[in-house]
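# Overview (structure and organization)
Here are the chains, one letter per residue:
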Amino acid sequence: MRILFLGDIVGRTGREAVMEAVPNLRRDLRLDLVVVNGENASHGFGLSLPIARDLFAAGVDVVTLGNHAWDRKDLVGQIDAEPRIIRPANYPPGTPGQGSVVVELVDGRKALVINVMGRQFMEALDDPFRAVTDIMARHRLGVTVHAVVVDIHAEASSEKWAMGHVLDGRASLVVGTHTHTPTADHRILPGGTAYQTDAGMCGDYDSVIGMGKDAAIARFLRRMPGERLQPAEGVATVAGMMVETDDATGLARRMAPLRIGGLLAPTMPDF
Ligand SMILES: [Fe+2]
Ligand SMILES: [Fe+2]
């Protein structure tokens, strides 16, 4: 299975870049599954249902979330209507929405996508390691599902590395989101799980993690309430990675980063 994962989409420029790129990437890279993190897609804060539907129409299969899941309050009452939008699985029981989804591809193959959130320097949610292993206990990679993609939305690189090792050999891809900065540690772990600490951001990198520089910098210079953060509106980079798995095992055969447009050095998978 050929899988594309894109990191946090920030604001209009990020959305438009993703919606322009995905149809071409689906065709050129012969993608089977496209997963994006959309927690900042709605003006930097949260995700609206119409935006999610625009992303689906562009060829995205699943949209994951994170600590900004509920910034758009309207999504709270709408998320159950759209199972392809998933929020971190380790929110407490009773939270709207689901933390995972099984997507059936047009050819009948199935992929399990899971979203969990770290707890280091973040909200104190339930144990993400237990949440992800509870979900995975209901599926078997290479038997009931052909691929498992885990988005670990976390601040601490250590927590993401640990998640990669815990799931090595049981997931196709474990990828971090939330820090909006692509890391250069993409690799296939010894057990066959593709791993990258952070997918990076789909947004304008002439910013502070996607937000306009002046207001974001002012928050650091003067510890006072300032103007509201607004997404930077310059040309966006589309950032993430591609993985090719072996359908018989569900494990990764090849993996490469992908970056298109904007300020970051471009790179495309060559397989
Ligand atoms: Fe984010
Ligand atoms: Fe986040």
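Residues numbered from 1 in each chain as written. Chains lettered and ligands numbered in written order. Predicted model: local features only at pLDDT ≥ 70, side-chain atom pairs only at ≥ 80, totals over all residues. Heavy atoms only, no water.

An unreviewed UniProt entry lists the chain under the name TIGR00282 family metallophosphoesterase, with Gluconacetobacter asukensis as the source organism.

## Thoughts on the coordination of the iron ion (ligand 2)
Octahedral six-donor coordination of a metal ideally yields angles of 90 or 180 degrees, compared with 109.5 degrees for tetrahedral four-donor coordination. Stated formally: With water omitted from the atoms examined, metal sites may look incomplete; donors here are N, O and S atoms no farther than 2.8 Å from the metal, or 3.2 Å in the case of Na, K and Ca. In these descriptions, tetrahedral denotes four donors with every angle between 85 and 135 degrees, square planar four donors and octahedral six donors with opposite donors over 155 degrees apart and the rest between 65 and 115, and irregular any other case. Counting from the N terminus, the helices are DSSP H or I runs at least four residues long and the strands are E runs at least two residues long. Each residue is placed in one exposure class: buried if its accessible area under a 1.4 Å probe, protein chains only, is under 20% of its type's maximum, exposed if it is over 50%, and partly exposed if it falls in between.
Bound to the iron ion (ligand 2) on the protein side are E39 (OE), N67 (OD1), H153 (NE2) and H178 (ND1), at distances that span 2.1 to 2.2 Å. One can describe the site at the iron ion (ligand 2) as irregular: its 4 donor atoms subtend angles covering 86 to 146° at the metal. Within one chain, the residues serving as donors to the iron ion (ligand 2) are arranged as E-x27-N-x85-H-x24-H. Between the iron ion (ligand 2) and the iron ion (ligand 1), the interatomic distance is 3.4 Å, and E39 donates to each metal, bridging them. Placement of H153 in strand β7 (residues 147-153) and of H178 in the loop between β8 (173-177) and β9 (187-188) is noted, with a sequence separation of 25 residues between them. A relative accessible area of 0% places H153 in the buried class.

## Here's the deal with the environment of G234
Operational definition: Should any heavy atoms of two residues lie within 4.5 Å, those residues are counted as being in contact.
Structurally, G234 is set in the loop between α6 (213-221) and β11 (238-245). With a relative accessible area of 29%, G234 lands in the partly exposed category. In the structure, G234 is positioned 144 residues away from N90 in sequence and 34 Å away in space, judged by C-alpha atoms. G234 has contacts with T13 and D204, leaving out every residue within four places of it along the chain.

## Considerations on the layout of surface pockets
As a reminder, the rule being used: Put plainly, a pocket is an open set of points on a 1 Å grid over the protein atoms alone with protein on both sides within 12 Å along at least five of seven lines, a cavity is a set where a 1.4 Å probe fits but cannot get out, and a lining residue has an atom within 4 Å of a point. Grid points are joined across faces, edges and corners, and a volume is the space filled by probe spheres set on the points. For this classification, Asp, Glu, Lys and Arg are treated as charged, while Ala, Val, Leu, Ile, Met, Phe, Trp, Tyr, Cys and Pro are nonpolar and the rest, including Gly, are polar.
Empty space within the largest pocket amounts to approximately 310 Å³. What lines the largest pocket is a set of 20 residues, among which R87, A89, N90, Y91 and A131 lie closest to the centre. It is helix α4 (residues 128-136) that provides the largest number of residues to the lining of the largest pocket, a total of 4 residues. For the lining of the largest pocket, the residue count by class is 6 nonpolar, 8 polar and 6 charged. Taken as a whole, the second largest pocket holds about 180 Å³ of empty space. Around the second largest pocket, the lining residues are E39, N40, G44, F45, N67, H68, H178, H180, I209, M211 and L229.

## Focus: unusual backbone geometry
Where the residue is not glycine, phi is negative for most of them; where a peptide bond is considered, it is trans in most cases. Positive phi values are uncommon outside glycine, yet H178 reaches one of about 100°. A positive phi angle is found at I209, which is not glycine, with a value near 40°. Looking at where I209 falls in the secondary structure, it is placed in the loop between β10 (194-196) and α6. Classification of I209 as partly exposed rests on a relative accessible area of 47%.

## Observations concerning the coordination of the iron ion (ligand 1)
Within the protein, the atoms that donate to the iron ion (ligand 1) are D8 (OD), E39 (OE), N40 (OD1) and H180 (NE2), at distances of 2.0 to 2.2 Å. Geometry at the iron ion (ligand 1) is irregular, judged from its 4 donor atoms and the angles of 89 to 166° they form at the metal. Binding-site remark: the iron ion (ligand 1) is held by donors from one chain whose sequence spacing is D-x30-E-N-x139-H. A relative accessible area of 6% places H180 in the buried class.

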